[in-house]
Amino acid sequence: MLVVACIKQVPDTTQVQIDPVTNTLIRDGIPFIINPYDSHALEESLRLKDSHGFTAVALSMGPPNAEATLRKALALGVDRSILLSDRVFGGADTLSTSNVLAAAIQKLGEQEQVGIVFCGKQTIDGDTAQVGPGIAVRLGFSQLTLVDRIEKIDIAQKTIIVRRKLEGRYEIVEARLPAMITVVRELNRPRYPTVPMRLSSAKAQVECWSNEHLQLDVNSIGLKGSPTWVSRIFSPERKEGEIIGDGITDPLGAARQLLDRLIDGDMLAV
Ligand SMILES: Cc1cc2nc3c(=O)[nH]c(=O)nc-3n(C[C@H](O)[C@H](O)[C@H](O)COP(=O)(O)OP(=O)(O)OC[C@H]3O[C@@H](n4cnc5c(N)ncnc54)[C@H](O)[C@@H]3O)c2cc1C
């Protein structure tokens with residue numbers, strides 16, 4: 001049974017700059033990393049490989065240089081790394097990104113049954129958290145988002161029990177396999193590649209699939225298949241700070257005023 005980890009190469013956020021004219025990312029000369037949430041997705045896929053004998057596949061859609069991300073996945077121990085790269089995939093929004101990833105997972109399923117697809121909860125550049133659910137809907141998989149613990153997997157019964165980390169509470173959910181799971185950081189601690197694994201991965205092959213492999217209608221992928229586009233990206237202006245109450249002579253009164261403001265503004269999770 002296959003476990004697939006979807007991993008996206010993202011710019012190191014501290015260095016990101018936006019082109020003020022085109023509103024796109026300035027990609028020149030910036031270092032890239034695996035989206036941090038996806039490192040946890042990858043780690044969990046490797047744990048299932050170790051504990052349940054799953055075949056682990058890392059999957060990414062992106063430009064040719066995203067190969068480095070997939071090579072790192074090989075160094076960590078995945079069985080296969082696949083890069084979905086083609087000019088017709090370019091300029092994709094979340095809808096067409098999930099179309100391409102879902103088609104690739106379906107293709108993999110023709111070779112071996114897919115049991116679980118892991119995604120990060122969201123990316124640190126796009127931040128939409130739409131791609132994982134988009135994949136689940138397209139494949140008809142159970143959808144388990146914000147998972148911070150896998151309680152139990154029963155391969156024979158094809159069921160899984162997970163814990164979801166919601167605001168101020170947890171939720172235990174049982175679902176049928178195959179399932180698409182988006183993960184949060186608390187799920188695990190990602191491993192580091194050993195030196196021998198790093199060396200062997202330098203020679204290992206990252207498979208590259210173009211649209212010739214997937215045979216998707218070009219109107220459903222890339223820029224053509226993207227009904228949304230970014231018209232402007234900007235950081236919200238910060239209001240000047242405000243001193244609430246007199247915290248020096250009346251700390252309790254100031255704290256009360258602050259609390260009232262937070263409650264009025266619905267800013268406290270209960
Ligand atoms: C409206 C809109 C317009 C866009 N226009 C452009 C554009 O013109 N040009 C451009 O280059 N980009 C564009 N993007 C960004 C690009 O398409 C996004 O990277 C993509 O849509 C994924 O969305 P996200 O990063 O928000 O993923 P999220 O939904 O936050 O990601 C959730 C998880 O899905 C998985 N995942 C997401 N993307 C990938 C991937 N590519 N490969 C593997 N796994 C993945 C990861 O596990 C990730 O943790 C656009 C995005 C949006 C929303």
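This is a predicted model, so every value here is computed, not measured. (Residues numbered from 1 in each chain as written. Predicted model: local features only at pLDDT ≥ 70, side-chain atom pairs only at ≥ 80, totals over all residues. Heavy atoms only, no water.)

Q: Hey, could you run me through the overall build of the chain in this one?
A: Within the chain one finds 7 helices and 11 strands. C-alpha extents for the chain along the principal axes are approximately 70 × 50 × 40 Å. A sequence separation of at least 24 residues applies to 69% of the contacts in the chain between residues at least 6 apart. For the chain, the computed accessible surface area is about 15,700 Å², with 52% contributed by carbon and sulfur atoms. Here the chain contributes 30 positive and 33 negative side-chain charges, whose respective centroids are spaced 5 Å apart. (Helix = DSSP H or I, 4+ residues; strand = E, 2+ residues; numbered from the N terminus. Contact = heavy atoms within 4.5 Å. Areas by Shrake-Rupley, 256 points an atom, 1.4 Å probe, with all protein chains shown as cover. Lys, Arg positive; Asp, Glu negative; His and termini not counted. Charge placed at Lys NZ, Arg CZ, Asp CG, Glu CD.)

Q: When you look at the pairing of strand E1 (residues 2–6) in this model, what are you seeing that I'm missing?
A: Within a regular beta strand, the side chains point alternately toward one face of the sheet and then the other, so they alternate between its two faces. Taking burial as the measure, the 5 residues of E1 include 5 buried ones, the bulk of the element. By the alternation rule, side chains of E1 split into Leu-2, Val-4 and Cys-6 and Val-3 and Ala-5, which are all buried. In this structure, E1 lies alongside strand E4 (residues 55–61), joined through 5 bridges in parallel fashion. Counterpart to Leu-2 in the pairing with E4 is Thr-55. (Buried < 20%, exposed > 50% of the residue type's maximum accessible area, 1.4 Å probe, protein only. Pairing = 2+ DSSP bridges.)

Q: How do you make sense of the pairing of strand E5 (residues 80–84) when you look at a structure like this?
A: For E5, the buried fraction is high: 4 of the 5 residues fall into the buried class. Bridge count for E4 against E5 is 5 bridges, and the pairing is parallel. Across the sheet, the residue bridging to Val-57 is Arg-80, located in E5. Taken together, the 3 bridges between E5 and strand E11 (residues 207–209) define a ladder with parallel strand orientation. Counted as the bridge partner of Leu-84 is Trp-209 from E11.

Q: I would appreciate a short explanation of the sheet that holds strand E9 (residues 169–176) in the present structure.
A: Sheet strands associate in pairs through backbone hydrogen bonding, adopting either a parallel or an antiparallel arrangement. Taken together, the 9 strands give an open sheet; going across it, the order is E9-E8-E7-E10-E6-E1-E4-E5-E11, and neighbouring strands pair in mixed fashion. Edge positions in the open sheet fall to E9 and E11, since each of these has one partner strand only. With direction set aside, neighbouring strand axes in the sheet form an average angle of 35°. Strands in contact with helix H1 (residues 36–52) are E1, E4, strand E6 (114–120), strand E7 (142–154) and strand E10 (179–183); relative to E6, the strand with the most contacts, it is inclined by about 155°. Here helix H2 (residues 67–76) sits on the sheet and contacts E4 and E5; the angle it forms with E5, its principal contact strand, is near 170°. (Axes fitted to C-alpha atoms, helices over the stretch in contact; angles between N-to-C directions.)

Q: Before we go on, may I ask you to explain the side chain of Thr-182 in this structure?
A: Locating Thr-182 in the fold gives a position in strand E10. Within the structure, the side chain of Thr-182 is placed 3.0 Å from the backbone nitrogen of Leu-146, a separation counted as a polar contact. Beyond its immediate chain neighbours, meaning those up to four positions away, Thr-182 contacts Cys-119, Gly-120, Lys-121, Gly-132, Pro-133, Leu-144, Thr-145, Leu-146 and Val-147. (Polar contact = N/O pair within 3.5 Å; in protein donor to acceptor, adjacent residues only side chain to side chain.)

Q: How should I be thinking about the site of the ligand in this particular structure?
A: Surveying the vicinity of the ligand reveals 28 residues, the closest of which are Lys-8, Asp-38, Ala-92, Thr-123 and Thr-128. Contact between the ligand and Asp-38: an oxygen atom at 2.5 Å from a side-chain N or O atom of the residue. In the model, a nitrogen atom of the ligand is placed 3.0 Å from a nitrogen or oxygen of the Met-61 main chain. Within the complex, the protein chains bury 83% of what would otherwise be the 920 Å² of accessible surface of the ligand. Elements with a contribution of two residues or more to the shell around the ligand: E4, helix H3 (94–111) and E6. Considered class by class, the residues forming the shell around the ligand number 10 nonpolar, 12 polar and 6 charged. (Near = heavy atom within 4 Å. Nonpolar A, V, L, I, M, F, W, Y, C, P; charged D, E, K, R; others polar.)

Q: So what exactly am I meant to see when it comes to the packing of H2 against helix H5 (residues 195–203) here?
A: For any two helices packed against each other, the geometry is given by the interaxial angle and the distance between the axes. Axis separation between H2 and H5 bottoms out at 8 Å; the angle between their running directions is 130°. Considering the angle they form, H2 stands oblique to H5. Considering how the two elements wind past one another, H2 and H5 form a crossing that is right-handed. Contacts between H2 and H5 involve Arg-71, Leu-74, Ala-75 and Leu-76 from the former and Met-197, Arg-198, Ser-201, Ala-202 and Lys-203 from the latter. Residues of the contact of H2 with H5, tallied by class, amount to 5 nonpolar, 1 polar and 3 charged. (Parallel < 35°, antiparallel > 145°, perpendicular 65-115°, else oblique. Left-handed = near helix turned anticlockwise from the far one by under 90°.)

Q: I keep staring at the nonpolar core and nothing clicks. Help me out?
A: By size, the foremost hydrophobic cluster in this structure holds 34 residues, and its most contacted members are Leu-42, Ile-116, Phe-118, Leu-144, Ile-160 and Ile-181. Those residues in contact with Leu-42, other than ones at most four positions away along the chain, are Ala-5, Ile-7, Ile-34, Ala-58, Ala-73, Leu-76 and Val-78. Grouped together as the second largest cluster of nonpolar side chains are 27 residues, Ile-82, Ala-104, Leu-139 and Leu-214 included. (Core = buried A, V, L, I, M, F, W, Y, C linked by side-chain atoms within 4.5 Å.)

Q: Help me understand the packing of aromatic side chains in this model?
A: How two aromatic rings sit relative to each other is given by the distance of their centres and the angle of their planes. Scanning all chains against the criterion turns up 0 aromatic pairs. Here the basic side chain of Arg-163 rests over the ring of Tyr-170, its NZ or CZ set 3.8 Å away from the ring centre. Sitting over the face of the ring of Tyr-37, Arg-185 holds its NZ or CZ atom 4.7 Å from the ring centroid. (Phe/Tyr/Trp six-rings, centres within 6.5 Å; stacked < 30°, edge-to-face > 60°. Lys NZ or Arg CZ within 6 Å of the ring centre and 35° of its normal.)

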